[in-house]
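Chain residues, written in single-letter form:
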Amino acid sequence: MATKQKRPFSIEPLNISAEKMEQLKILMRRQDVNSHVKNVELQKVQGKCLRCGGLASTILKYRVQGVIAIERYCDECLKSIPVISRYFLK
Ligand SMILES: [Zn+2]
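Remember, it's a predicted structure, so these values are computed and weren't measured experimentally.

A. A look at the overall build of the protein. Scanning the protein from N- to C-terminus turns up four helices and three strands. In sequence order, the protein lays out its α and β elements as β-α-α-β-β-α-α. Across the 90 residues that make up the protein, the buried fraction comes to 10%. Counted over contacts in the protein with a minimum sequence separation of 6, partners at least 24 positions apart contribute 47%.

Encoded structure:
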């Protein structure tokens, strides 16, 4: 069994303005907007963090058996991925 940790070939910040990010955060906190609407808005501009479901800030791209897989993470979860924290330390 291969247990080698997969390595992203690309780490990109999500292309989103600070203003839009702020609007999204406000929307996510609203109690009068249902979760379906929130999810649709999230997916439109950004997507959710794979781990915690929060607002993603970074896109990781992997090649998995010839196919490009995309994962999104928020800042906090990104730091907890060992292979990524090594990139940041360089
Ligand atoms: Zn997260």
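B. Up close: helix 2 (residues 35–45). A small share of helix 2 lies buried, amounting to one of its eleven residues. Immediately beyond the C-terminal end of helix 2, within one or two residues, lies G47, with a positive phi of roughly 95°.

C. Inspection of unusual backbone geometry at higher detail. A positive phi angle, near 50°, is found at Q65, a position not held by glycine. With respect to the helices and strands, the residue Q65 is situated in the loop between strand 2 (58–64) and strand 3 (67–73).

D. Quick peek at the sheet that holds strand 1 (residues 10–13). The antiparallel open sheet is built from three strands, whose spatial order is 1-2-3. Edge strands, defined here as strands with exactly one partner in the open sheet, are strand 1 and strand 3. When the angles between neighbouring strand axes are averaged without regard to direction, this sheet yields 25°. Here strand 2 runs beside strand 3; their pairing, made up of seven bridges, is antiparallel. Within strand 3, the residue paired with T58 across the bridge is Y73.

Cut-offs and rules
Residues numbered from 1 in each chain as written. Predicted model: local features only at pLDDT ≥ 70, side-chain atom pairs only at ≥ 80, totals over all residues. Helix = DSSP H or I, 4+ residues; strand = E, 2+ residues; numbered from the N terminus. Buried ≥ 20, exposed ≤ 12 C-beta atoms within 10 Å, placed from the backbone. Contact = placed C-beta atoms within 7 Å. Pairing = 2+ DSSP bridges. Axes fitted to C-alpha atoms, helices over the stretch in contact; angles between N-to-C directions.

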